[in-house]
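An overview of the molecular structure
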Amino acid sequence: MTEGPADELQAPPEPGPTNQVARLQHDLRRAEARADRAERALERAQRSASFVVGNLLVNAAKSPRRLLTLPRDLWRIWRLRRSRRTAPTTTPSTRGRRDDVLDLDAPRLLIPRTSVAAAAQGSLAIAGALSHRTALAWAPYAAVSNALPHEGPALIEAVDADIVVIDTASALPGESWEHLGDPAAVDRLRAAAALVDAAHAQGRPVVLLRSTPPSRTVFLSELAERCDLVVDGPGSVRDNPWHPGIDPAAWQFGEVPHSASIFVPRESRAGTPLERELRAAIEADRSGRDECSPDPRLQRSVALREAISKASFGLADPMWTPDHLLGATSTSLGLLASGRRVLAGHDADLRTLLAGQDAARGAVVFTEGTSNVPDALEQAARPMSDGQRRAVLRALMVGASAPVQLTTLAELLDVESRPRAVWDVALIAGADPDVDQILLQSWRPRELVVRTPLSDRSMNLLHEEGIVVTPLPDDVLRDRTLLNMAVTTPYIARQVDLDDPDAILDLLIEQIAGLPTLPRQHDSVLWSTR
Amino acid sequence: MTSALVYGDVNLNILDGSAIWVQSMCEALSRSGVEVRVLLKAPVDNDRLVAPLREMSGVTVVDPFDGARTGTPLTPAQAVDHLEQLDAAQRADLIVVRGLRFVTAAAASERLTGRLWTYLTDIAQDPLAMDDEQVDRLQAIARASRYMMCQTEELRCLLESTVPAACGRSVLWSPVVPEPEFGLPERSPVSVDGQQVRPLRLVYTGKFAPLWNTLEMTQIPAMLAAVGIDAELHMVGDKIHDVPDDPDWSNRMRSALEDSPGVIWHGGMPRQQAMELTSTADLGMSWRDPKMDASLELSTKVLEFGALGVPPLLNRTPMHVNLIGEDYPLFVGSAEDIVAACQSLIANPELHGAACRDMSAAVAPYTMAASVDRMRGLLERALPAAPPALAGRARLRVGVVSHDLKFFTRIQEHLEALPELEVRIDHWAALASHDEEASRAMVEWADVIICEWAGPNLVWYSRHKRDNQRLIVRLHRFELDAGWLNDVRIEAVDQVVCVSPFYAQLTAQRTGWPADRIIVIPNWVDIEQFDRPKLGDVQFTLGMIGISPHRKRPDLGLEILSRLRRRDRRYRLAVKSKLPWDYWWIWRKPEERAETERLFERLHADPTVRGAVSFDGFGGDVPAWLRRVGWVLSTSDDESFHLAPAEGMASGAVPALLPWPGSDTIYDTRWIHADPVAIAESIHETVASGRWAQTAAEARQQVEASFPLPAVCDEWARILVEDLSPDTAQGTLAQ
C-alpha cells in the first residue's frame, strides 16, 4: 500500500518519442514473459532427479566429504523420490516485475557469512529453520546453520548440509520463524516451502520436526507432505515420536542450591484445565518457597538455564501432558540433567524414559492429581542423591541426548554420519575379555583394544555389533600418548569392571557432566584422547 | 433504492450451510434497505427455505423454472445468462454471488464485471496447495469483483497474500448466527460454596461421527460420576455415520447413546427446539478429534452455543483462539481435560460466568444485527451518497491524468462510484510520455481535469486545457526538485493539492505560485482495511515499510532495535520492502550499494541485532502483514507524508517517527522523537510500563480523526466544483 511507489518515480523518464517507448515496453513485456517461462522451466528442471543427481556428482567431485557419502546420497534420492515428485512449485505465481533486478548476486548480502557452520569430515551438517534451543542443543554435535525466513534457499545453497530441518518450535513467539503455521502468515509458509525446494534441489532430505502442540502445526499438513520425514517431538502428537535430545553437558551448573527455591516455567500460560488446576494447587501450597522463572527479557534458552541454575527443584513444563501428546520436554530433561527433581502432574514419556533406571525413578515426583500436592512438593524439594543423579544421567544419555538422537535421525535418513561418535569409547580389555559382558554394557565401546588375538567367535560377535577390535602391543598400551594416537575414539577406558553393565556409561557421565570420580574397586579410568 | 441480485449457486431445497448463507445474505441486504432479487438454481420441490425468503421485505424470488417442481438445475453459464437478463431489465447496483465454478463464469461476464460481490469458501485453504491456474482464476475473479467477501480473517489474509488483485477488495463477511425465537432461560447455579446442588447439564447437538468424538463423549458422565460430579449429557441428533473402516462403529455409537449412564438421547429435533434445549445446558460439547483442527472455517455450532449463553468445551485450535482468546478457560484436549474443567466449574462458579462473557463477546460480531451494520458499511462505501457539493448539479465529467495512480486508487474508486460523476482516465505511459491524441480528446470531453502528480502531465494540460475547464493537480514531493514546474502555466491551474501543510508551504516558496491556490487534502488511510486483530503479543515487534533508498534510513531502524534489544531480547524488527538491489536506479548508485553493504554487515556482525530482523518481502498485503507489528517506525531523512505510520496507527500499532521536515504538520508531536535513542527509550518505557495497548488505541483514535478515507473522498468530490480554503495549508493535520 505505502511501499515503494514514490521511490519508483525517481526512475528517470524514458527518453525519446512515444512510439519508441511503446516499442521498448512491448519488447520488455515479451522478454518478461520469456524470462518467466524460462524460470518455471528451470524450477521444474531443478526438481528433476537428473538435476539433483548431477548436482550430487558435481559436489562429490569438489569435496572429498561428499565423495564418500555419494553412494548413500544416491540411494537416498531414490528412496525419497516420492516427496520430490509430488511437490508442486512453491514460487508464487504472482511474480513481481523483473525488469528492475539487475544484480542477481546481491541477495547474497542477506546470508550471514559467520553463521554458516562448516562441517568437518564425518560430522553431521544440519541447516534449516531451528529454534534457538534446538540449535543450541545440537551445535556441539553437528555443524548447525540456522536460516532466517528470508535467507532460507540462499543459505541452503551456501551450506553443504546433510539434513535440512524445519523445527516448528522456531515458530514460537520471539523465535526467528515466528508465525510459521499461522494461516494468516502465508509468507512464512512459503518461505518454509522454499527451504524444502532448495534442499531437494541439492539432493538433501528435509525433516519436519513437530515440537509444538498440534494447534500450532495443523496448518502445516501440506508442508509436511513435501518433507521427506515428519517426526514428532515433545508437545506434538504421538504419530512418529523422535526426541531431538538435549546436550547434558549444557545443564551442569555446579552445586544445586539448598534454598528450596522452585523453578516455575512460564511457557504454558494457556494450559489445559488440568494444567491450571495443578498450577493453582502448587501456587497455594508452595509455602514460602522462592520462585525462579525465566527472565522474559533474556533470550529464551539463556533465561531458562539461568532460572534453573538458581532453583533447587522445578515444575515440569507442561505440568500435565495428556497421553495422546508427547512429553519429556527439554525443560524437564534439563532440570533432571542439572540434578534437580521435577514435579509433574502426568507425563508418560518422562516415566518411560526413567523406567530403565530404578534409582532414577524418584527424580520425577508425579502428583497425578491435586490432592497430594503438598506431599509432592516436599518430596520434590529433597536434594537428589548422587546415585540418583547418575541414574538420571544414564537414562538421559542413552534415551534423550542430542548426539544419540541425531545419530538415530541420520540412520533414518540414510545419512552417513554418527554424531554420537563424539562419545565413542575405546575399551582396553584385560586378558581374555568376556565379550558377552562387553556387549551387555549400556554404553558399548566402539573399539576394543586387546593385547592378544580373540577367538573367532568373539571376533565375529564384536564385528556383527560394529565394534572394532584393535590389537596393540604392550609398549603402546603402557604409554598413554601412544595409546591416544593408536585408537580412533575420543575416549579411552581401562580397568573397567564389566560386571557392572553401566560401568563405561558412568565413567563417560563423569567426564561429560563433570561429576566427581567415584571410588571404585577396580581402578577404572576413562580419559579423553583429544 | 439500491438494487441487488443474489445467486448462491445452491439448491434451496436442501438445508445446508450454503442455503443458510443465501437466507442470511438476503436478510442482511433486506434489513439494510436493499431491494433484492434472488435467483433460484433449482426448481422448488419444498419451500422450507424459499418461503421465508419470499416473506422478507423487499426480497423477490426469481424462479427461472416458472413454478415447475422438476427440471435440471441451472448450469453456471445459464445462471450468468439469467443474471445478465435480470440486470438488463433493471440494473443492479451489486450482484452477490457464491461458489467458485459459478463465480468464475460470472467474472467473465462483461456486463456484470465490477459489480460482483463474490463469496468463496470452496478454494484451496493452504497456499501450498494452490497452483498457478487456481491463482490466475482467483486473480480474474478479484479483478471483476467490487468486494471479495471472506468468511474469516485468515481466509482474507490467504487471498491477499496469494492473489494481488484481492488486496483492498477483500472484506469480512462472517457467518451469521441464527437468532433464537424464544427467551433465554435463567439458569440456577450448579454449585454453592463449592458444593454441587443440581446435576451439571452438558449438551451436544449434531451428527454422530468418529471425528466428532461422539462415542468418547458418552463416557464423560460416568467419568464425572467417578470424581463425584452428578452430570447428564443431552445428545440431540439422529444421523449416525457409517464408518467404512469400522463397520461396527455405528452400532457401538447407538448402544452408547441408548445405554450409557448419564446420557440422554433426544434423537432428531427441529432446529429451534434443539436450540431451546441447548439454552438450558451449562456447557456445550464441541470437543473434536485433532484432525478437525485445521479448518479455516468457523463452526456455526460454536457460535450458536455462544449466542445461547452456553459456553462450549472445545479444542484449542488457531481459529478458536482467534475467536475467543488465548485465555478462554474451557479449551480441552482430552476426556480428562473435560473432567478437570467440570471440576473447576463446580469449585469455582465464577469460571462459568467468565466463560459465558468470553463467548458472548466472541459471538457479538456474528449476530444478524452486527451483520446488517457491516452490510450498511459495505454499501455506503461501494455506493456512496452524493456529497452536498454535487447535489442538484448536472452530471460532471472528470478526467484523471497520471502515469501512476497508486496513491489515487481509493479516491478514484470513490469518484467512479458517485452517480453524479463520470470518470475517465488519461493514462500516461510514463512520466513524460503520453498519447497526445487521447489527451486532446480528454480536453474536449472533461469538465474537470485532475493531474495526479505535478509532472509533465500538468505542464501539458496547463497549456492545452479549455478556458472553462477546471484543472486540479496533486503534488507529492519529488516534483519540487524537477525542472518542469517552471513550464507550468499556473494561471490555468485552479487548485494545487498538497498532502501536508509543510509541502504546501514549500511548494509556495519554491514555485512562487499563488498561495491562495495551494491547499491541503491529506493522504487517505483506509482504516477499515487495516482494522484487524493482531497476531499474538506484538508489542515487541517493530515494523518498517519500505527501506529503499537509503534516505529511508533502515540503519536508524537497526540502531533503534539494537538499543531495545540491549534491554529486552524479545524486540524484533520486521521489514516489508523490496531491497535496494531490486531497484535498478538505486542499485546503480555506488553510495547506495555502500550503505546497503554497511547495513547488512552490521546485521550479521552485531550480536544485538543478529537474527532479529526479518525481511518479509514486498506486496500489497500490508494490512495482513501489520497484524504482526506493534510499532511502525518512520526514520526517513525526508518524506512528503509517509503513510506507513498512519497505516500502522489504523492497524492498532503505535507510530514512532524521527523529525523529518514537515512530520509535525502531519503527525502529532507525541509520536515524533528527537533521535533513535529517544525512540528506543519511548518504546521501551511504553512496553515496560504496560501501556502499549492503551497507546495503540489512542493512536488509532487519532488516525481515525485525522485521515479517514470518507472525509478525504468528500473533500475530493468538493474540490471538483469549488475551491478549498488555503487555510488547510496551515497548522497540522493531526487531530
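Conventions and cut-offs
- Residues numbered from 1 in each chain as written.
- Chains lettered and ligands numbered in written order.
- Predicted model: local features only at pLDDT ≥ 70, side-chain atom pairs only at ≥ 80, totals over all residues.
- Helix = DSSP H or I, 4+ residues; strand = E, 2+ residues; numbered from the N terminus.
- Buried ≥ 20, exposed ≤ 12 C-beta atoms within 10 Å, placed from the backbone.
- Contact = placed C-beta atoms within 7 Å.
- pLDDT = per-residue confidence, 0-100.
- Core = buried A, V, L, I, M, F, W, Y, C linked by C-beta atoms within 7 Å.
- Pairing = 2+ DSSP bridges.
- Axes fitted to C-alpha atoms, helices over the stretch in contact; angles between N-to-C directions.
- Domains from an automatic or database assignment.
- Nonpolar A, V, L, I, M, F, W, Y, C, P; charged D, E, K, R; others polar.

**Considering the overall build of chain A**
Broken down by element type, chain A carries 21 helices and 15 strands. Relative to its full complement of 530 residues, chain A shows a buried share of 49%. Pairs at least 24 residues apart make up 69% of the contacts formed inside chain A by residues separated by at least 6 positions.

**Focus on the confidence of the model for chain B**
This prediction gives chain B a mean pLDDT of 93; 100% of its residues lie at or above 70. Here the complex is predicted with pTM 0.86, and the ipTM for its interfaces comes to 0.86.

**Looking at the nonpolar core**
Residue and element names in this part refer to chain A. Core analysis: the biggest nonpolar cluster contains 351 residues, and L195 and L427 have the highest contact counts within it. With 11 residues, the top contributor of residues to this core is helix α8 (residues 186-201). Non-local contacts of L195, meaning those with residues more than four positions away in its chain, are made with G128, A129, A147, G152, P153, I156, V164 and I166.

**Description of the environment of A:R390**
All names here are of chain A. As for its position among the elements, R390 is in helix α15 (residues 386-399). In sequence terms R390 and E157 are 233 residues apart; their C-alpha atoms lie 43 Å from each other. Non-local contacts of R390, meaning those with residues more than four positions away in its chain, are made with D506, I509 and L515.

**Notes on the sheet that holds strand β21 (residues 541-545) of chain B**
All names here are of chain B. The strand order across the open sheet built from five strands is β23-β22-β21-β24-β25, with neighbouring strands paired in parallel fashion. Two strands bound the open sheet, and with one partner strand each, they are β23 (613-615) and β25 (654-657). The mean inter-strand angle of the sheet, taken between neighbouring strand axes irrespective of direction, is 25 degrees. Relative to strand β24 (residues 631-634), β21 is paired through two bridges, and the arrangement is parallel. Bridge pairing links L542 to W631 in β24. Helix-sheet contacts for helix α25 (residues 643-651) involve β21, β24 and β25, and the interaxial angle to β24 is about 170 degrees.

**Concerning the environment of B:G262**
Residue and element names in this part refer to chain B. Within the fold, G262 resides in the loop between α9 (249-259) and β12 (263-267). For the pair G262 and L224, spaced 38 residues apart in sequence, the C-alpha separation works out to 9.6 Å. When neighbours within four sequence positions are excluded, G262 is seen to be in contact with P221, A222, A225, A231, E232 and L233.

**Quick look at the domain arrangement of chain A**
Residues and elements named next belong to chain A. The domain boundaries assigned to chain A delineate domain 1 (25-89 + 114-245 + 401-418), domain 2 (249-396) and domain 3 (424-528). Domain 2 and domain 3 are separated by 35 Å when their C-alpha centres are compared. Listed as interface residues are five residues of domain 2 and, on the opposing side, nine residues of domain 3. For the side of domain 2 that touches domain 3, the per-class residue count stands at two nonpolar, one polar and two charged.

**Comments concerning the domain arrangement of chain B**
When the parts come together, some accessible area is lost, and that loss is often what is quoted as the size of the interface. For chain B, the assigned domains read domain 1 (3-172), domain 2 (191-366), domain 3 (388-524 + 713-729) and domain 4 (532-707). For domain 2 of chain B and domain 4 of chain B, the distance between their C-alpha centres works out to 45 Å.

**Details of helix α16 (residues 402-412) of chain A**
All names here are of chain A. Taken across its 11 residues, α16 has eight buried, putting it largely inside the fold. Along α16, the residues classified as buried are A402, P403, V404, Q405, L406, T407, L409 and A410. Contacts made by the buried residues of α16 are with β1 (124-129), α6 (132-138), β2 (142-146), β3 (163-167), β4 (206-210) and α15.

**Structural notes on the sheet that holds strand β11 (residues 231-236) of chain B**
Note: strands within a sheet are paired through backbone hydrogen bonds, in either parallel or antiparallel orientation. All names here are of chain B. Spatially, the five strands line up as an open sheet ordered β12-β11-β10-β13-β14, and their pairing is parallel. Looking at strand neighbours, the two that pair on one side only are β12 and β14 (312-314), the edges of this open sheet. Across the sheet, the mean angle separating the axes of adjacent strands is 25 degrees when strand polarity is ignored. In terms of strand pairing, β11 meets β12 through four bridges, oriented parallel. Residue pairing for β12: M235 is matched across the bridge by W265.

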